[in-house]
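The residues making up each chain are set out below.
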Amino acid sequence: MATADVKLDGKKKAAAIIIDIGVENAAKVYRYLRQDEIEQLTVEIASLQNIKPDTIEDILNEFYDLCLAQKYITEGGIDYARSILDKVMGSVEAANLIEKVSQSLRTRAFDFLKKADSKHLLNFIQNEHPQTIALILSYVKPEQSSGILAGLPREIQIDVAERIANMDRTSPDIIKEVERTLERKIASIVNMDFTEIGGIKYMAELLNAVDRGTEKYLLEELGKKDPKLSEEIRRRMFVFEDIVTLDSLAIQRFLRDVDSKDLVIALKGSNEEVQNIIYANMSKRMSETIQEDQQYLRGVRLRDVEEAQQRIVGIIRKLEEAGEIFISRGRKDEFIV
């Protein structure tokens, strides 16, 4: 199968397709778009420069493949689509195509919730069944779902977190039923096809976004109920105590960006192993200064310690995203020498 020009993002590819199908067909497509989608697409069409014919052909081929994959997923689900597409284009291309379609379908589900404030969403769904809450949180953005999860009562938090982590796929009927319930409150409904949702990876992303107290509580409680599941989630994320798994260069790197006040407070509530490895990667003078400041620090609230630790973890995660440090995710990596 042909691959479209990698220099064109999704919006530009959509604009290229609209241009190619002609005004009459484009007008029919526009009738199915939201106002904001029409505005974005129109801007792209107006700004799109000349595209080579072979690039247009590649884009159309890619679009056709995506439509075909979505048709198969709608008819029989992910496994059915994969079994057919594997035979047509090979397992690697089929997997990539299904992933693209799955992401697209997931984006559409509960789309009307994604612009809502987390506090408002919490009021809407906090009295729903934990499975319903887990389903909704699996579709909205992690920054939204993290605020909602943190606002739920403790006895519900762990139940919802466990259900999200164990979630795999959900049928259209269940999605529509949940949306009909929310329709009475928000006056919106979205149709949904089969797709993969939730799961361990998503739960890790969610815990990376919640506050430190909620993160610790959920990991500890999950560890009691399902140690294996808890460990799988931890492998996908990074918490303050995991600083001990970083190499010396990584520790020295993030220490350059950390506020010394945050470091004093964060270490006040950390275990001895974390303290020792951080002190070992400081200059002697800096280590002595931090430890001296800790001695005079009294009456520190647990919340302040957790917030300081969360800010430090945030710095570490940003450095990892920038490729400046490496974080091991619970497995041994092979290196080429």
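Rules behind the numbers
- Residues numbered from 1 in each chain as written.
- Predicted model: local features only at pLDDT ≥ 70, side-chain atom pairs only at ≥ 80, totals over all residues.
- Heavy atoms only, no water.
- Helix = DSSP H or I, 4+ residues; strand = E, 2+ residues; numbered from the N terminus.
- Buried < 20%, exposed > 50% of the residue type's maximum accessible area, 1.4 Å probe, protein only.
- Contact = heavy atoms within 4.5 Å.
- Areas by Shrake-Rupley, 256 points an atom, 1.4 Å probe, with all protein chains shown as cover.
- Axes fitted to C-alpha atoms, helices over the stretch in contact; angles between N-to-C directions.
- Parallel < 35°, antiparallel > 145°, perpendicular 65-115°, else oblique.
- Nonpolar A, V, L, I, M, F, W, Y, C, P; charged D, E, K, R; others polar.
- Left-handed = near helix turned anticlockwise from the far one by under 90°.
- Salt bridge = Lys/Arg side-chain N within 4 Å of Asp/Glu carboxyl O.
- Core = buried A, V, L, I, M, F, W, Y, C linked by side-chain atoms within 4.5 Å.
- Polar contact = N/O pair within 3.5 Å; in protein donor to acceptor, adjacent residues only side chain to side chain.
- Arc of directions from axis to C-beta.
- pLDDT = per-residue confidence, 0-100.

K.L.:
Talk me through the overall build of the protein chain; I want residue IDs and the actual numbers.
P.N.:
When helices and strands are counted, the protein chain shows 19 helices and two strands. In the protein chain, which comprises 337 residues, the proportion classed as buried is 41%. Long-range contacts, defined as pairs at least 24 residues apart, comprise 76% of the intrachain contacts of the protein chain with a sequence gap of at least 6. Total accessible area computed for the protein chain in this model is approximately 19,300 Å², and 51% of it derives from carbon and sulfur atoms.

K.L.:
Summarise the packing of helix α10 (residues 154-166) against helix α12 (residues 199-209); cite the residues concerned and give the values.
P.N.:
Two numbers describe how α10 lies on α12: the axes approach to 6 Å, and their chain directions differ by 135°. Viewed along their axes, α10 and α12 adopt a mutual orientation that is oblique. Contacts between α10 and α12 involve A161, I164 and A165 on the former and, on the latter, G199, I200, Y202, M203 and L206. A breakdown of the residues in the contact of α10 with α12 according to their chemical character gives seven nonpolar, one polar and no charged.

K.L.:
Lay out the packing of α12 against helix α14 (residues 227-235) in plain terms, naming residues and giving numbers.
P.N.:
Across the interface, α12 lies against α14 with an axial gap of 8 Å and an inter-helix angle of 65°. In this view, α12 runs roughly perpendicular relative to α14, as classed from their interaxial angle. Helix-helix and strand crossings are classified by hand; for α12 and α14 the assignment is right-handed. Listed contacts from α14 to I200, M203, A204 and L207 of α12 are L229, E232 and I233. Tallied by class, the residues present in the contact of α12 with α14 amount to six nonpolar, no polar and one charged.

K.L.:
I'd like a rundown of the pattern of salt bridges, residues and numbers included.
P.N.:
Under the defined criterion, the tally for this structure stands at eight salt bridges. Among the ionic pairs, K224 bridges to E221, the shortest N-O distance being 3.1 Å. With K224 and E221 both in helix α13 (residues 212-225), this residue pair falls three residues apart, about one helical turn. Owing to a relative accessible area of 64%, K224 belongs among the exposed residues under this scheme. Residue D257 is joined to R253 by a salt bridge in which the shortest nitrogen-to-oxygen separation is 3.1 Å. Given the relative accessible area of 38%, D257 is considered partly exposed. A relative accessible area of 15% means that R253 is categorised as buried.

K.L.:
Which residues make up the nonpolar core, and what values go with them?
P.N.:
Of all hydrophobic cores here, the largest spans 34 residues; its most connected members are L137, L149, V160, I164, M203, L207 and I233. Secondary structure elements with two or more residues in this core: α7 (118-125), α8 (130-137), α9 (142-151), α10, α12, α13 and α14. Ignoring sequence-local partners within four residues, the contact set of V160 consists of P130, I133, A134, L137, L149 and L152. V258, V274, L319 and I325 belong to the second-largest nonpolar core, a separate cluster that totals 25 residues.

K.L.:
I'd love a proper account of helix α15 (residues 248-255), names of residues and values included.
P.N.:
An α-helical turn contains 3.6 residues, so any two residues separated by three or four positions project in the same direction. Here α15 has its buried residues at A250, I251, R253, F254 and L255. Along its buried surface, α15 packs onto α16 (260-268), α17 (272-280) and α19 (302-321). Where α15 begins, the side chain of D247 points an oxygen toward the backbone nitrogen of L249, at a separation of 3.2 Å.

K.L.:
Residue-level account of α17, with values.
P.N.:
Residues V274, Q275, I278 and Y279 constitute the buried set of α17. Here the buried residues of α17 occupy an arc of 125° about the axis, which is enough to place them on one side. Along α17, exposed side chains directed more than 90 degrees from the buried face belong to E272, E273 and A280. Buried-residue contacts for α17 involve α15, α16 and α18 (284-295).

K.L.:
Can you tell me about the environment of I158, naming the residues and giving the values?
P.N.:
Following the sequence through the fold, I158 ends up in helix α10. For the pair I158 and T214, spaced 56 residues apart in sequence, the C-alpha to C-alpha distance is 9.8 Å. Filtering out sequence-adjacent residues up to four positions away, I158 remains in contact with Y217, L218, E221, L222 and K225.

K.L.:
Can you break down the confidence of the model for the protein chain residue by residue, with the values?
P.N.:
Here the protein chain averages 75 in pLDDT, and 73% of its residues register 70 or above. When the elements of the protein chain are averaged for pLDDT, strand β2 (residues 195-196) gives the smallest value, 42, and α15 the largest, 94. Low confidence marks residues 1-6, where pLDDT is under 50. Its contacts with residues over four positions away, or in another chain, come to 13 contacts. Contacts for the low-pLDDT stretch residues 187-197, under 50 throughout, to residues beyond four places or in other chains number 53 contacts.

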